[in-house]
Amino acid sequence: MRSIYKKILTPAFLLLASHIGMAQDTVKPSVSVNPQLLEIFNGKYPKEYTIAGISVTGTKSFDESLIISISGLAIGDKIQIPGTDAFSKAITNLWRQNLVAGVEIFLTKLEERNLYIEIALVERPRLASFQFRGVRKGERDDLEGKVGLAKDRVVTENMRLSAIEAIRKFYYDKGYRNVKIAVTETPVLTMNNGVSLIFDIVKGRKVKNNSVNFSGNETVSDLKLKKQMKGTKEMTRFSLKPEKVESPYDDSSKTTTFKEYLKNAGPLSISKTKEYIDPWFRFKLFSSAKFNDKKYEEDKERLLEYYNSLGYRDAIIVSDTLIANKKGNFNIHVKVNEGRKYYFGNIAWRGNTKYSDSILNYLLGIRKGDTYNLDQLNKRLGKQLSAEGGDISSLYMDDGYLFFRVEPVETAVYNDTIDFEIRMAEGPQANYGNITISGNDKTKDHVIRRELRTVPGDKFSRQDIIRTQRELSQLGYFNPEKINPNVVPNQENGTVDINWGVEEKSADQLELSAGWGGGIGLTGTLGVTFNNFSLNNILKKSSWDPLPSGDGQKLSLRVQSNGKAFRSYNFSFTEPWLGGRKRNSFTISFFNTKYANAYDNTGAFCRSCGDTSYIKTIGFGISLGKQLKWPDDFFTLVYALNVQQYKLRNYGNVFQGLSNGTSTNISAKFTLARNSAGPNPIFPTGGSNFLLSAQFTLPYSLLGITSSDDNQYRLPEFHKWRFTGDWYVPIGRPKGPEKNKQFILKASAKYGFIGRYNNKLQISPFERFQVGDAGLSNNFALLGYDIIAHRGYPVYESSNPKVNPDNGNAREFFTIFNKYTLELRYPFSTNPSSTIYGLAFFEAANGWYQFKDYNPFKLRRSAGVGMRFFLPMFGLLGFDYGIGFDRLRPGEALKTAAKFTFMLGQEPD
């Protein structure tokens, strides 16, 4: 049997001791000890030994050579005993890895000066599984991604504490401040040294803000201060039922109101409390009243910013206290010191050579005597850059002064007045240098480059960059949130390099649907739209994936069919840059539709009747668009020529008294449009969109070209006018990670009129206005109707709002219409792969047949809510639930005036 001398070296001992001592009680009593080992630590002078062998015991999962390598010890090392710290370093090295729960080093054998050692380990267990008990499945799923646990990892105390802290924070953010967590570690027999961690969670009650109270606010009301506490809402006040809560003061022995307690009180103190009467009963109604530490701290900062905006730049929060009531909810007490109100004094400009003081003062818009507001001053100077512009920095940067700098400096403070000196460094004008593009895997460089307004050699303009971002977003090929102009200034040579980084997204759309109705039964639809098509590569086999793409052209194909009763073919192609040098769009389109009679003379369904009774429509269109430079380059002018031919055969359902014949509608259309809405075309957050169009046929009757008596519609004649105006206004300016999520107000006004050249003729039945429903035609738009949606109403034909449109099916359509819309939108997701937003709307519209009856204030009104989903493959899907107020009759329930509508493809008129 080998002689064994055992010495246990704990980390604490080794770190505190200056040498390795010797203790007889550490020797195993059942094992004989080599006297030479005992003498190692008794020597008066250090002796040098050579490590001749190292063994490792207790390891289950780790290779022995790995443990030896981590320890830092190696065979052949020279050590001196007493006096060496090699063993203490080895234990520290192993302990630092968090792989072991215990480390011991044994001296096992000594041959002359050759020393053999043993490293004994107690491994930490490994994580086999973990679970959460006491919470819902959805919460368990959320926690799994937050605790940072991974199977087969070594279980350490730090891992347990980190997981507990993550769980606590998860519920803390949800308002559960008293959550209790217990961890149980259970061995797992199926895994070597494996354990399972079980987290038992008791959430407790959610902590809410019972009340938010202020003191010290002499000039600003409590209500205005509470409005600034956007993340710390109190439970809604409902009735005058007294509720006892804790007051942070004891300067009165009687029960009184909170204001009386705080009127002349000093700093808040939790230790000094008395009860006071709060004359309101509070409860949570639709708004979150949970307490959140982070939001509370942000709200206190927002409170001071609000005071600063009112001129109280010295305002401070003296103290704030959270006092829990009997239910565990907080009564929040905030004491402020408003300080003095300040005003702007003299404002002097220094360093300006480009623009005079008078121009800068006019643009700054701040005069002597105005209420002091540093945030407003910085905003007007452009220190807080915004896309809207209109500030001093934008004035310079739009004129090439990329290196422009401005700094407001307080020069004097006297009484309640502050003088400022605005110090400017204009710098040289910069020109664009190298302009590069990255991230476009499918779209070709020239398609992107022709949209860029940052042209090498041109003078730098901040507005060019903003406008380019919008133009690239409008293409629809890229993620609007990922269009990133990486601006690299080169102050040495006065140039600026820009790399336009983009991220491709799917732009093509597929329409595949089936519907039942229209008197013809089941109808199927198949449509495809390629928004980034390449006609130039159509003959290159290698570019078909599945179709040639990348040149920015648009190809659309659509087929609808019911067999013999109905079929429709549609085709269109658009080249947005005809010739490749200017933004001149060119579009050709073709459609062929046949709608057959599905019933015989007795009214019975008859599929074969479609062979002898039908209406067939064939149409062709060509248009040319041109971007204008005046009044600005947001304007476009489009010329279009459209030809439609209608053939009737034994079909009397369209024109009264006419069953056979041909009508040819030839018209020219001129459209002037201005579109600055953006940057995301699916969910615009600003700008506007205006459209004015005029459509004309030849005045055949005035030229002596008349239709035959048996077909008065052979050559329809009319003039048609349309106006559309849309405005997008952001509500508020959110900051932080939610900066892309804010309410958007859309205001819209639409007007349409179709007239005649000859008063002796009736107004053409072609191209009229169908008003009502979701923007879908109730008769396949056989005569080219403009379909005007009116949510909350079916299609109607009476101009009188008192006439209930539910009573019949509209067969005649209007020659004049008006429509006004207000929509409040909020985005739930702006991801280009699934843009989702909700809306609440108010709508008013109506139609008329004669100008003498036209009244723009005599409208049918409706309101409701809706959702929009944009999926690149299918386009825009919409659902609306609207209530038509003028459909509601006395004594009827509100739901009788409600209507659910669905839209597909694009927003209707």
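The preceding data block contains the structure.
Described in the following lines is the structure provided in the data block. Computed from a predicted structure; not experimentally measured.

Attention shifts here to the packing of helix α3 (residues 64–71) against helix α4 (residues 86–96). Where α3 contacts α4, the two axes come as close as 7 Å, and the packing angle between them is 115°. Contacts from Ile-67, Ile-70 and Ser-71 of α3 reach α4 at Lys-89, Ala-90, Asn-93 and Leu-94. When its residues are assigned to classes, the contact of α3 with α4 shows 4 nonpolar, 2 polar and 1 charged.

A separate point is unusual backbone geometry. The linkage connecting Trp-630 with the following residue, Pro-631, adopts the cis geometry, with an omega of 0°. Among the structural elements, Pro-631 can be located in the loop between β26 (614–627) and β27 (635–649). Pro-679 follows Gly-678 through a cis peptide bond whose omega is 0°. Turning to its location among the elements, Pro-679 is positioned in the loop between β28 (661–675) and β29 (687–696). A positive phi angle is found at Asn-193, which is not glycine, with a value near 60°. Phi at Glu-767 is positive, roughly 60°, even though this residue is not glycine. Looking at the element boundaries, Glu-767 is found in the loop between β31 (743–755) and β32 (769–771).

Grouped together as the largest cluster of nonpolar side chains are 29 residues, with contacts concentrated most on Leu-73, Ile-79, Phe-87, Leu-115 and Leu-121. Going through the elements one at a time, β1 (47–57), α3, β2 (78–81), α4, β3 (100–111) and β4 (114–123) are the ones with two or more residues in this core. Of all hydrophobic cores here, the second largest spans 22 residues; its members include Phe-132, Leu-143, Phe-170 and Val-179.

Now for the sheet that holds strand β8 (residues 209–215). Spatial strand order, β8-β14-β13: 3 strands in an open sheet with mixed pairing. Taken across any chain shown, the strands that pair with only one partner, and hence form the sheet edges, are β8 and β13 (316–324). Each strand of the sheet is rotated relative to its neighbour by a mean of 15°, with strand direction disregarded. Note that β13 and strand β14 (residues 330–337) share 8 bridges and pair antiparallel.

Attention now goes to the pairing of strand β34 (residues 816–829). The pairing of β31 with β34 spans 10 bridges and is classified as antiparallel. What sits directly across from Ala-747, in β34, is Leu-822. Pairing of β34 with strand β35 (residues 835–848) involves 13 bridges; the strand directions are antiparallel. Note on β35: the bridge partner recorded for Ser-829 is Ile-836. What sits between β34 and β35 in their antiparallel hairpin is a turn of 5 residues.

If you trace the backbone, Arg-160 turns up in helix α6 (residues 157–173). According to the relative accessible area criterion, Arg-160 is buried, its value standing at 18%. Looking at Arg-160, its side chain comes within polar contact range of the side chain of Glu-157, at 3.0 Å. Not counting residues within four places of it along the chain, the set of residues in contact with Arg-160 comprises Val-155, Glu-185 and Leu-197.

Checked against the element boundaries, Leu-672 lands in strand β28. The class for Leu-672 is partly exposed, based on a relative accessible area of 36%. Non-local contacts of Leu-672, meaning those with residues more than four positions away in its chain, are made with Leu-628, Phe-635, Thr-636, Leu-637, Phe-690, Leu-691 and Leu-692.

Note on sheets: strands pair through backbone hydrogen bonds, and any given pair is parallel or antiparallel. Judged by pairing direction, the sheet is mixed, and its 3 strands sit side by side in the order β5-β7-β6 without closing on themselves. Because the sheet does not close on itself, it has two edges, and the strands there are β5 (126–133) and β6 (180–188). Strand-to-strand twist in this sheet, taken as the mean axis angle between neighbours without regard to direction, amounts to 20°. Strand direction decides the pairing type here: β6 and strand β7 (residues 194–202), joined by 9 bridges, are antiparallel. Residue pairing for β7: Val-188 is matched across the bridge by Gly-194. In this fold α6 packs onto β5, β6 and β7, with an angle of close to 25° to the strand it touches most, β7.

Once that is clear, we can look at the packing of aromatic side chains. Aromatic ring pairs: the centre-centre distance and the angle between the two ring planes describe each pair. As enumerated under the stated definition, the model contains 36 aromatic pairs in all. For the ring pair Phe-291 and Tyr-296, a centre distance of 5.4 Å and an interplane angle of 50° mean the geometry is tilted. A relative accessible area of 1% places Phe-291 in the buried class. For Tyr-296, a relative accessible area of 2% corresponds to the buried category.

Here the focus is the packing of helix α5 (residues 137–144) against α6. Direction vectors running N to C along α5 and α6 enclose 130°, while the axes themselves pass 10 Å from each other. Judged by the angle between their axes, α5 and α6 are oblique. Relative to α6, the crossing made by α5 is right-handed. Note on element contacts: α6 touches α5 through Ile-167, Phe-170 and Tyr-171, opposite Glu-139, Asp-142 and Leu-143.

A few words now on the pattern of salt bridges. Counted according to the given criterion, the structure contains 41 salt bridges. Across the pair Arg-136 and Glu-139 runs a salt bridge, and its minimum N-O distance is 3.2 Å. Residues Glu-823 and Arg-791 are paired through a salt bridge, measuring 2.9 Å at the closest nitrogen-oxygen approach. Of the two residues, Glu-823 is situated in strand β34 and Arg-791 in the loop between β33 (786–788) and β34; the sequence distance between them amounts to 32 residues.

Rules and cut-offs
- Residues numbered from 1 in each chain as written.
- Predicted model: local features only at pLDDT ≥ 70, side-chain atom pairs only at ≥ 80, totals over all residues.
- Heavy atoms only, no water.
- Axes fitted to C-alpha atoms, helices over the stretch in contact; angles between N-to-C directions.
- Helix = DSSP H or I, 4+ residues; strand = E, 2+ residues; numbered from the N terminus.
- Contact = heavy atoms within 4.5 Å.
- Nonpolar A, V, L, I, M, F, W, Y, C, P; charged D, E, K, R; others polar.
- Core = buried A, V, L, I, M, F, W, Y, C linked by side-chain atoms within 4.5 Å.
- Buried < 20%, exposed > 50% of the residue type's maximum accessible area, 1.4 Å probe, protein only.
- Pairing = 2+ DSSP bridges.
- Polar contact = N/O pair within 3.5 Å; in protein donor to acceptor, adjacent residues only side chain to side chain.
- Phe/Tyr/Trp six-rings, centres within 6.5 Å; stacked < 30°, edge-to-face > 60°.
- Parallel < 35°, antiparallel > 145°, perpendicular 65-115°, else oblique.
- Left-handed = near helix turned anticlockwise from the far one by under 90°.
- Salt bridge = Lys/Arg side-chain N within 4 Å of Asp/Glu carboxyl O.

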